[in-house]
Amino acid sequence: MTGACLTSSRPAVKFAVSAIIHIFERASPCELARGNCLAKYKKKRARELKHDKFRDTTMLLADRLATRTAGRGRLILYGLVVIALIIGGILLFRSWNKKHTQEAQAAMGRAIAIARAEINPAPPPNSKDPVFSTEQERAKRAIEEFQKVVAKYGDPYRSEAQLFIARSLLVTEPERGVAELQTLSNGSGEVAVLAKFALAQKKKADGKLDEAAAMYADLARQNATIVTADSANLRLALVYDKQ
């Protein structure tokens, strides 16, 4: 009986062991898969943690930098505003100065055109250019235009206009014109040279040859670009011929 039981139980044990092995073999691929998934998750999580740590460190450094430069940033902003205002002011001044210069040149051009206008007792009708019946009329009109330049604009236009006024005064008020030329000739620059030259011409025309000769000789010594020594010496020779 016992032998029969032992004999009958062995196949059952073998079957049970085989079934357990079979179940284990069927379960092991899933378990392995689960193990692989877990490993991959851990690696991914490690990378995420590493990335988060890098991001946190970067943000921390950025916050510290922003805190340190907060006051400087305001100063930099103020500095940029000041620079922008300076540049804007320079550009505005240049624009104004250019416009002002163009207006002064145009005003001088109009006045000079009048000072050199034609004198014709019977001016042609509908003439585009200014025409005057007498030299006195032209001189007075020129003085008015040059006085506008003197009143509104600075040098060199003011000094040049004063020179033209003095020369025009030689026609309308000779003594005053001579005094104005004398004052201008005591200055410096081209206006002073031209004033002395005009004054020498006036002295020569009035028969004051010695004074004219002295002025021409002085101009020859100066040898300015606008009145060269050769030009002054030529006028001086003409004066000597009349003495």
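Please refer to the structure placed before this passage.
Residues numbered from 1 in each chain as written. Predicted model: local features only at pLDDT ≥ 70, side-chain atom pairs only at ≥ 80, totals over all residues. Heavy atoms only, no water.

Undergrad: Would you explain the overall build of the protein in this entry?
TA: Check the secondary structure of the protein and you find eight helices and two strands. From first element to last, N terminus to C terminus, the protein shows the α and β order α-α-β-β-α-α-α-α-α-α. Contacts in the protein between residues far apart in sequence, at least 24 positions, make up 45% of those at least 6 positions apart. (Helix = DSSP H or I, 4+ residues; strand = E, 2+ residues; numbered from the N terminus. Contact = heavy atoms within 4.5 Å.)

Undergrad: Any chance you could explain helix α5 (residues 174–185) here in plain terms?
TA: At 3.6 residues per turn, the α-helix brings residues three or four places apart onto the same side. Spanning 12 residues, α5 covers 16 Å between terminal C-alpha atoms, matching the ideal 16 Å at 1.5 Å per step. When we look at burial in α5, the residues that qualify are Gly177, Leu181, Leu184 and Ser185. For α5, the angular spread of buried residues about the axis comes to 95°, placing them on one side. Across from the buried face of α5, at angles greater than 90 degrees, the exposed residues are Glu175 and Thr183. Against the buried residues of α5 lie α4 (157–172) and α6 (190–205). (Expected span 1.5 Å × (residues − 1). Buried < 20%, exposed > 50% of the residue type's maximum accessible area, 1.4 Å probe, protein only. Arc of directions from axis to C-beta.)

Undergrad: Would you explain the layout of surface pockets in this entry?
TA: Gaps left between atoms are located by rolling a probe of water-molecule size over the structure's atoms. Reported here for the largest pocket is a volume of approximately 310 Å³. The wall of the largest pocket is formed by Ala115, Arg116, Glu135, Arg138, Ala139, Ala142, Phe146, Phe164, Arg167, Ser168 and Val171. Of all the secondary-structure elements, those providing two or more residues to the lining of the largest pocket are α3 (135–152) and α4. Per element, the largest residue contribution to the lining of the largest pocket is five residues, and it comes from α3. Considered class by class, the residues forming the lining of the largest pocket number six nonpolar, one polar and four charged. Counted as a void, the second largest pocket has a volume near 150 Å³. (1 Å grid on protein atoms, 1.4 Å probe; cavity = no way out; pocket = protein on both sides within 12 Å on 5 of 7 lines; lining within 4 Å. Points joined across faces, edges and corners; volume = space filled by probe spheres on them. Nonpolar A, V, L, I, M, F, W, Y, C, P; charged D, E, K, R; others polar.)

Undergrad: Sorry if this is basic, but what is going on with the packing of α4 against α5 here?
TA: The axes of two packed helices give the description: the angle between them and the distance between them. Contact geometry of α4 with α5 gives a least axis separation of 6 Å together with a crossing angle of 155°. Compared by their axis directions, α4 and α5 come out roughly antiparallel. The crossing of α4 and α5 is left-handed. Residue-level inspection shows Gln162, Leu163, Ala166, Arg167, Leu169, Leu170 and Thr172 of α4 in contact with α5, the latter providing Pro174, Arg176, Gly177, Val178, Glu180, Leu181 and Leu184. When its residues are assigned to classes, the contact of α4 with α5 shows eight nonpolar, three polar and three charged. (Axes fitted to C-alpha atoms, helices over the stretch in contact; angles between N-to-C directions. Parallel < 35°, antiparallel > 145°, perpendicular 65-115°, else oblique. Left-handed = near helix turned anticlockwise from the far one by under 90°.)

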